[in-house]
Amino acid sequence: MAERFTKGMARNIYYGGGVFVFLLLLGLTFDTMLKLPKRDHRENITEAVARGKALWEHNNCIGCHSIMGEGAYYAPELANVFDRRGGGNEQAFKGFMESWMAAQPLQIEGRRKMPQFHLSPEQVNDLSEFLIWTSRIDDNNWPPNIEG
Amino acid sequence: MKFESQMVAKPYFIFALTLFTGQILFGLILGLQYVSGDFLTTYIPFNVARMVHTNLLLVWLLFGFMGASYYLVPEESDTELYSPWLARVTFWVFAAAGVATVLGYLLVPYAKLAELTYNHLLPTMGREFLEQPTITKIGIVLVCLSYVFNIGMTILKGRKTVINMVLITGLIGLAVFFLFSFYNPENLVLDKYFWWWVVHLWVEGVWELILGAILAFVLIKVTGVDREVVEKWLYVIIALALISGLIGMGHHYFWIGPGEYWLWLGSIFSALEPVPFFMMVMFAFKMVGERRFEHQNQVAIKWALGTSVMAFLGAGVWGFIHTLAPVNYYTHGSQITAAHGHLAFFGAYAMIVLTIISYAMPILRGRPHGNSLSAQRLESFAFWMMCVSMIGITLALTVAGAWQVALQRLPEAGEALNFMATQDKIAPMFWLREAFGLIFFLGLVAYLSSFFVGSKEAVTLEQPQLAKPTAV
């Protein structure tokens, strides 16, 4: 690097730039926090949705599935599974979930296996509520189509 | 070795390599489960194997960073480590906690583990990469505090070089941002937003400071280039890393709830993230080109150059190909992400740890000028085997990802294949990935064997040979 560009200048860019950008990140985060309530419809987080999220975590669903594109890529995306499997109908979706969860693991040779989690009907209902709530988050219209 | 206390680094390095081996074995299991859904699933379901694979990575890299710090900070500070005793205790605590956690993953169902560790009191489990029981997370915090304290006190009583300052800033950031792993609200959007404050601000933020500091240290040692020059480069590289990377976090905020301006901010800033990685390549090659002597540990130089190139490819190039929002709309959460993840983690973080191990381990084993020629030859062979096969894994997953997007994401709703059907179609690429994974494993075996080769041979020259700088 040119001699005119000294180590002191490099240091100032590091400390100055780093602090400035971090403050900018804090500011953007503050702004995002103000805007999020409209996008995440948090007013609809019922106790069932919260219990559903805890079940989602306690069974490590993210270890195979993705939700809003994050997680493992071994099993289908679930942020839009309500639309895909329930067609937007809550009762239909809950019915699907009941039979789907009970049928695991599917005995198809060579197919990736979903474990049997032994969830109670109430728990499956909570999980469904969580997935229904998730499907209604404004996530800039992702995924591109219903297949996730 | 200038200071006796640098020896505490040795168990950290050895344990890091042990966990690395475990990580690769579980990677091979996962790769097979991708194509053969019945493989071992009754004993190790995919989610468990994946958790072990990613958590072992995380922990062995932390062990590597700790070993690196305990080795280089006394030398940089020109003083003994503040408390070698504390470093040894920390090692055993961290190792025991790590082993116990992995055994917990493997021996009991995850829901049972959550129950046994009272996760409901402070729920933090079940989120990607942060699957550790809350008690383990608290343990990680304590280990990090003891580590940062020890390193910080050593720097305080000794020389405050630029490498030291950058390293300690990175370590404090590592400890502070990990605290966000304890924030797990009922609102999934908030959960995800701050989950990235651990994951992104680690790997695309403060870890880059740690990476830069370790690389700069090794380059000074193996090239003899003037510290002033190295430090100026280091400052510029990490400055650009932070300036691009902090707001670059926006590329994770595209599709998880936050507003639309993140589409612009995330795209623009993260498009700049390859720049510091490219500068790191220029830096490494320029320093080696301007070397003041021929260091006999040639393979350590190879690792230092290699990590800069592979980090640029994995984090820089493979990050860029899917970071622009219009592209990411189609590639988000596809095998493209997996491709990027593998090459970036290996190139940037696995390889920097292997770099410092390659430089420091021979010294810790009483070979100040590096290993014997035969050991270096084998290590060099392993270097190429692992690098080439990791590129193979990455290319296979990239093709798989592009293919997946073409079948599942691009077509209109009625015509797109569903997820499982798509996975069946692209299975040949998963077989190819597994084959490269096997080659990688053989490379790792060769690497580990190099530690046991040629220990009886004398090192050819006693003194580093002086040479005129030549271009590389």
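Residues numbered from 1 in each chain as written. Chains lettered and ligands numbered in written order. Predicted model: local features only at pLDDT ≥ 70, side-chain atom pairs only at ≥ 80, totals over all residues. Heavy atoms only, no water.

A.B. asks: Would you mind showing me how to read the confidence of the model for chain B here?
C.D. replies: For any part of a model where pLDDT is low, the fine detail of the predicted coordinates should not be relied upon. Per-residue confidence for chain B gives a mean pLDDT of 95; residues scoring 70 or more make up 96%. Scored below 50 in pLDDT, residues 461-472 of chain B makes 27 contacts in the model with residues more than four places away or belonging to other chains. (pLDDT = per-residue confidence, 0-100. Contact = heavy atoms within 4.5 Å.)

A.B. asks: What exactly am I supposed to notice about the packing of aromatic side chains here?
C.D. replies: Aromatic ring pairs are described here by two measures, namely the spacing of the ring centres and the angle between the planes. Enumeration over the complete set of coordinates arrives at 57 aromatic pairs over all chains. Note on F20 of chain B and F440 of chain B: the rings are 6.2 Å apart at their centroids and 80° apart in plane angle, and the pair reads as edge-to-face. You can see F20 of chain B sitting in helix α1 (residues 9-35) and its partner F440 of chain B sitting in helix α16 (residues 427-449), a full 420 residues away along the chain. No difference in accessibility class separates F20 of chain B from F440 of chain B, as the two residues are buried. With a centroid separation of 5.7 Å and 40° between ring planes, the pair formed by Y261 of chain B and W262 of chain B is classed as tilted. In textbook terms, an aromatic cluster arises when at least three aromatic residues are bridged by ring pairs, as seen for F22 of chain A together with F177, F180, Y183, Y193, F194, W197, Y253, Y261 and W262 of chain B. The aromatic ring of Y34 of chain B is capped on one face by R433 of chain B, whose charged end is 4.8 Å from the ring centroid. (Phe/Tyr/Trp six-rings, centres within 6.5 Å; stacked < 30°, edge-to-face > 60°. Helix = DSSP H or I, 4+ residues; strand = E, 2+ residues; numbered from the N terminus. Buried < 20%, exposed > 50% of the residue type's maximum accessible area, 1.4 Å probe, protein only. Lys NZ or Arg CZ within 6 Å of the ring centre and 35° of its normal.)

A.B. asks: I would appreciate a short explanation of empty space enclosed by the protein in the present structure.
C.D. replies: Rolled over the atoms, a probe as big as a water molecule pinpoints where empty space is left. Considering all chains together, one arrives at three cavities of 30 Å³ or more under this definition. For the second largest cavity, the lining is made up of 14 residues, of which I62 of chain A together with R127, E128, D191 and K192 of chain B are closest to its centre. Counting only elements with at least two residues in the lining of the second largest cavity, the list comes to α2 (47-58) and β2 (70-71) of chain A together with α7 (188-223) of chain B. The element best represented in the lining of the second largest cavity is α7 of chain B, accounting for four residues. Among the residues making up the lining of the second largest cavity, the classes are represented as five nonpolar, two polar and seven charged. (1 Å grid on protein atoms, 1.4 Å probe; cavity = no way out; pocket = protein on both sides within 12 Å on 5 of 7 lines; lining within 4 Å. Points joined across faces, edges and corners; volume = space filled by probe spheres on them. Nonpolar A, V, L, I, M, F, W, Y, C, P; charged D, E, K, R; others polar.)

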